[in-house]
Amino acid sequence: MDMSIALILSQDGITNGAIYALLALALVLVFAVTRVIFIQQGEFVAYGALTLAMMQSGALPATVWMLVVMGALVTALDGVRALKAGQGRRAVGVAGWNLAYPLALAAALGALPVNEAPLALQVLLTLAIVVPMGPMMYRLMYQPIASAPVLVLLIVSVALHIAMVGLGLLFFGAEGQRTPAFSEFSFEIGPLMVSAQTLWVLLVSALLIVALYQFFGRTLYGKALRATAINRMGAQLMGISPTLAGRLTFFLAAFIGALSGVLIAPITTIYYDTGFLIGLKGFVAAIIGGLASYPLAALGALAVGLLEAFASFWASAYKEVIVFTLIIPVLLWRSLTSHHVEEEE
Amino acid sequence: MRTDRIVLGAFLALLLLVPAILSPYYVTLLNYIGLYAMVALGLVLLTGVGGLTSFGQAAFVGLGAYTTAALTTAPDLPGWLAWVGASPWLTLVAGLILTAIVALLIGSLTLKLSGHFLPLGTIAWGISLYFLFGTMQDLGGHTGISGIPAIGLLGWTLDEGGEIYYLIWAFLLVAMLTTHNLLDSREGRAIRALKGGRVMAEAMGVDTSRSRMVIFVIAALLACASGWLYAHMQRFVNPTPFGVHIGIEYLFMAVVGGAGYVWGAIVGAGVITVLKQWLQDWLPSLLGATGNFETIVFGLLMVLVLHRAREGLWPILKKLVPVRARNKTIDPDAEALPRRTLPKAGELILEARDVTRKFGGLVANNNMSLEVRAGEILALIGPNGAGKSTMFNQISGVDTPTSGEVRFLGKPVAGHDSREIARMGMSRTFQHVKLLPTMSVLENVAIGAHLRSTQGVLSSAWRLDRAEEARILKEAARQIERVGLAEHMYEEAGNLALGQQRILEIARALCADPCLLLLDEPAAGLRFKEKEALGELLRKLRAEGMATLIVEHDMDFVMSLVDRVVVMEFGQKIAEGLPDEVQQNPAVLEAYLGGVE
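What counts, and at which threshold
Residues numbered from 1 in each chain as written. Chains lettered and ligands numbered in written order. Predicted model: local features only at pLDDT ≥ 70, side-chain atom pairs only at ≥ 80, totals over all residues. Helix = DSSP H or I, 4+ residues; strand = E, 2+ residues; numbered from the N terminus. Rg over C-alpha atoms; globule rule 2.2 N^0.38 Å. Buried ≥ 20, exposed ≤ 12 C-beta atoms within 10 Å, placed from the backbone. Contact = placed C-beta atoms within 7 Å. Axes fitted to C-alpha atoms, helices over the stretch in contact; angles between N-to-C directions. Parallel < 35°, antiparallel > 145°, perpendicular 65-115°, else oblique. Nonpolar A, V, L, I, M, F, W, Y, C, P; charged D, E, K, R; others polar. pLDDT = per-residue confidence, 0-100. Left-handed = near helix turned anticlockwise from the far one by under 90°. Pairing = 2+ DSSP bridges. Expected span 1.5 Å × (residues − 1). Bend = angle between axes of the 7 residues up to and from the residue. Core = buried A, V, L, I, M, F, W, Y, C linked by C-beta atoms within 7 Å. Domains from an automatic or database assignment.

## Concerning the overall build of chain A
Inference 1: Regarding its fold elements, chain A presents 15 helices and two strands.
Inference 2: Here the C-alpha atoms of chain A give a radius of gyration of 21 Å, agreeing with the 20 Å that 2.2 N^0.38 yields for 345 residues.
Inference 3: Going through the 345 residues of chain A one by one, you find that 46% of them count as buried.
Inference 4: In chain A, the proportion of contacts linking residues at least 24 apart, taken out of those at least 6 apart, comes to 77%.

Right, dumping it as structure tokens:
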């Protein structure tokens, strides 16, 4: 291996690592606030990428129907409850966001030639379809059992993961997709060719991390989420609704997932089931951070990305084995540093 | 005749007749159900009973299948290994040994961690092993290994579905019987305490880390045996059935069937397998596309089960079958368990000297000293926040003093874990009751005798432990009668009133045959008559030479019972002496009633 190959591999590693870092942050966030281990994170990545690809091919993205169905279910549950409680305006609000919005979106996508629209608009529409599924999913699947033990929530996550993979196959087919790059621009630093997409990934990741940092540090909602993560009961007693915290968290996680998908779709071919492996690498990073520390998780993500890039050069057949075996020394280190017997929930 | 035996007999007769009645298609389906149920049974033990979730069981199935496939088909094994490949039965042993080693390795890495790291770890190594099966050229890569021989048994070659059927179901039934026996034993009670009762179990001397490892290895071995059968039924293996998604399916089987029940494994495996067949025929034509769309239904079904019937289908089915669980019989002729020789009255049992415990700047205990002698009841009292619980933790070894020392029977307590302290003869109750609510009172109390008995996993699984089990149950029943809970012996512990649950904890502590009893607010929640009975019991124990330390708020109860009182306030001892003296002590009066200006 010479210097230039090492540089290229590092570039790949850092690009992927940036995506894993975003996913790891979302995973840590979701776990801290809701105790849900968000296995489906990867499916949001795939849904984001493939929805964009489908939109660009001129077809109506099938995910919009999923949004319509989920929205209808939420409306049925929450709208009826609001009506029974005599809260008419609330019921209208519920129906507006969960029923009218998805239908309007579907109608707009069907009527307008979005495949000719500028890329920025397509990305925006993709996010508009995929991201609301996050809070809807929380409402339908997790909210009724929000106080269940972590392991029950985990099994629900895994169940939703396999259901979403099956739906992904139904929506997008078995073919892989790769979307065109955001721009064709590229430049050279010494022997290294840096493509604009790499810069996009790094830039957006960095911006998002800064934005999240500001959100958690400076806004009331961000602080409410932090409070819930530290002490759920205490936060609830101070008037922070755990339901709101859950939905907001899932909104953020779905946003991060779908955006990551849109960002990497021009770099790697995405299949309906690719998300799982991408999400799991975010997990390895999150576990390095103990599912608690954001900076450690981000560093772990870079380590995973680099390891993966170099492993694919030296032993490409064993790439996945090496990446997932990385979790073993991490778990070993964690198990050596934890001594107390702890009570499971 | 007992109805449960009739139902079981009918089920077995039906199983026996199946290949004669049903078409090969259904026999094959039942073969798969049997194979899957064996893996799901491991998950019942691991997840439903032990509270440890694994998504990686399919990898252990693969380990069993690939071990036998590689060894029985390899043309030229190295000399030292060649004899193993001669018979599938030898490769079964080889597979079980290999699986046990791998499970011990993985278990030692992940089992110490808190609950959710294990399932995440299992997903990761499940994927690693799957990719390993697919990439190792010696294992045939993604095309797999074919030409695996059929199993021979007493000159009979099991090369047809209807023949290996009997072997599969014999394996499964033996596995179920063993698991059932294991759960109904000393080790089984320790395993059942893992979910939600680890701190209590450790205080009763159970090595919970070992118990976790035991069920992890058993579950892996069951999966491995299933893989061995699978390989010789299919006569062909490739990596597909051992991926992490199949591992997820196994967990679904356990959860849908009823993860807490041995029979749930069969129900779950049956439901999921039949449903999968049906959906695979039906969904692609409905949706107009080919693919594994059954996962959509499985996923949503799973969420529905967890929302609506978290215990799974078995408890619902059980109501339809007229079988009721029978109470355990207590053998009055069983030999009593060995007892320790109690120290002579007046001998020093527990001594705390200058114990100081600081949490950052907060001094919770400051230079606390006290001693308890055999045949004496000492009360530790004080207003809320005085540091009594912290002191209790220093004495029971849960916490370590910043400075000073606690000695029990002349040996320092610090540096020993709860189990060792329990073995030395200190037994305790908890301020917040810690018991296993779905287990009977009898079984809860029997956990206390863990350290007075020795039978292990294998003897329990094969029912060689019955003599000792009878002794344990007799002792537990004796302690229950002694504390006055005899009429509740077979009730679920969770159904008792709070006061009775506290009494149950005392029976459990006594079952350990201690020489020092630590009681944390035993009279809280008791009615007057119950308090009187408790006082009577403690006096009787005192007469036998028991040393008792009691933390209590109920002054009437304390003052009429104990020999000496230590009063704490703001982490310090403000008075010590006979109950009457302490009640006159001005410092105590000020602490409790406020000062007179």
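## Considering the overall build of chain B
Inference 1: A count of helical and extended segments in chain B gives 24 helices and 14 strands.
Inference 2: Principal axes of the C-alpha set define a box for chain B whose edges measure 90 × 55 × 55 Å.
Inference 3: By sequence separation, contacts in chain B at least 24 residues apart represent 75% of the contacts at least 6 residues apart.

## A short note on the packing of helix α2 (residues 24-49) of chain B against helix α10 (residues 208-234) of chain B
Helix-helix packing: each pair is described by the crossing angle between the helix axes and the interaxial distance.
Residues and elements named next belong to chain B.
Inference 1: The N-to-C vectors of α2 and α10 enclose an angle of 170 degrees; their axes lie 7 Å apart at closest approach. Judged by the inter-axis angle, α2 sits roughly antiparallel to α10. Listed contacts from α10 to N31, L35, M38, V39, L41, G42, L43, L45 and L46 of α2 are I215, F216, I218, A219, L222, A223, A225, S226, L229, Y230 and M233.
Inference 2: The residue makeup of the contact of α2 with α10, split by class, is 17 nonpolar, three polar and no charged.

## Some words on the confidence of the model for chain A
Inference 1: Within chain A, residue pLDDT values average 86, and 96% of them lie at 70 or more.
Inference 2: Of all the helices and strands in chain A, helix α15 (residues 327-337) of chain A carries the lowest mean pLDDT, 71, while helix α6 (residues 133-142) of chain A carries the highest, 94.

## What to know about the packing of helix α3 (residues 57-73) of chain B against helix α5 (residues 88-110) of chain B
Residues and elements named next belong to chain B.
Inference 1: At a closest axis distance of 9 Å, the pairing of α3 and α5 adopts a crossing angle of 140 degrees. Classed by the angle they form, the pair α3 and α5 counts as oblique. By crossing handedness, the relation of α3 to α5 is classed as right-handed. Along its contact with α3, which presents F60, L63, G64, T67, T68, L71 and T72, the element α5 presents P88, T91, L92, A94, G95, L98, T99 and V102.
Inference 2: Residue composition of the contact of α3 with α5, grouped by class: eight nonpolar, seven polar and no charged.

## Some thoughts on the sheet that holds strand β11 (residues 516-520) of chain B
Residue and element names in this part refer to chain B.
Inference 1: Spatial strand order, β10-β11-β12-β7-β13-β14: six strands in an open sheet with mixed pairing. Of all strands in the sheet, those with a lone pairing partner are β10 (426-428) and β14 (572-577), marking the two edges. Ignoring strand direction, the axes of neighbouring strands in this sheet form an average angle of 20 degrees.
Inference 2: As paired elements, strand β7 (residues 377-381) and strand β13 (residues 564-569) share four bridges and run parallel to each other.

## Focus: the interface of chain B and chain A
Inference 1: With 46 residues of chain B at the interface, the matching set in chain A holds 42 residues.
Inference 2: Those elements that place two or more of their residues in the side of chain B that touches chain A are α5, α6 (117-135), α9 (198-203), α11 (244-257) and α13 (294-308) of chain B.
Inference 3: The element contributing the most residues to the side of chain B that touches chain A is α6 of chain B, with 11 residues.
Inference 4: Of the residues in the side of chain B that touches chain A, the class split is 24 nonpolar, 17 polar and five charged.

## Topic: α2 of chain B
Residue and element names in this part refer to chain B.
Inference 1: Taking 1.5 Å per residue as the helical rise, α2 with its 26 residues ought to reach 38 Å, and the 35 Å between its terminal C-alpha atoms agrees with that figure.
Inference 2: Along α2, the sharpest kink reaches roughly 35 degrees, centred on L43.
Inference 3: Among the 26 residues of α2, 19 are classified as buried, and the element is accordingly described as predominantly covered.
Inference 4: Just beyond α2, the residue with positive phi is G51, at close to 75 degrees.

## Observations concerning unusual backbone geometry
All names here are of chain B.
Inference 1: The backbone of R463 shows a phi angle near 60 degrees, a positive value even though the residue is not glycine.
Inference 2: Note on placement: R463 falls in the loop between α18 (457-461) and α19 (466-483).
Inference 3: The exposure class assigned to R463 is partly exposed, which follows from the 14 C-beta atoms found within 10 Å.
Inference 4: Despite not being glycine, D513 has its phi angle at roughly 55 degrees, a positive value.
Inference 5: Within the secondary structure layout, D513 lies in the loop between α20 (498-511) and β11.

## Focus: the pairing of β13 of chain B
Residues and elements named next belong to chain B.
Inference 1: Relative to β14, β13 runs antiparallel, the two sharing five bridges. Among the inter-strand pairings, V566 is bridged to a residue of β14, identified as E576.
Inference 2: Counted along the chain from β13 to the antiparallel partner β14, the turn is two residues long, and its residue F570 has a positive phi close to 50 degrees.

## Here's the deal with the nonpolar core
Inference 1: Core analysis: the largest hydrophobic core is formed by 290 residues, its most contacted members being A24, A26, V284 and A285 of chain A together with A40 and V44 of chain B.
Inference 2: At 17 residues, α10 of chain B tops the list of elements feeding residues into this core.
Inference 3: Each of domain 1 (3-53 + 119-337) and domain 2 (59-112) of chain A gives at least three residues to this core.
Inference 4: Among all residues touching A26 of chain A, those that are not within four sequence positions of it are F38, Q41, L252, A253, I256 and G257 of chain A.

## Concerning the domain arrangement of chain A
All names here are of chain A.
Inference 1: Here chain A is described as being made up of domain 1 (3-53 + 119-337) and domain 2 (59-112).
Inference 2: For domain 1 versus domain 2, the separation of C-alpha centres amounts to 27 Å.
Inference 3: If you look at the interface, domain 1 gives 13 residues, while domain 2 gives 13 residues.
Inference 4: Elements supplying a minimum of two residues to the side of domain 1 that touches domain 2: α2 (41-56), α5 (119-130), α6 and α7 (150-172).
Inference 5: A breakdown of the residues in the side of domain 1 that touches domain 2 according to their chemical character gives 11 nonpolar, one polar and one charged.

## Observations concerning the pairing of β11 of chain B
Residues and elements named next belong to chain B.
Inference 1: Of all five residues in β11, five are buried, a share of seventy percent or more.
Inference 2: Across three bridges, the pairing between β10 and β11 is parallel. Its bridge partner being in β11, M426 is matched across the sheet by L516.
Inference 3: Two elements, β11 and strand β12 (residues 547-551), share five bridges in a ladder whose sense is parallel.

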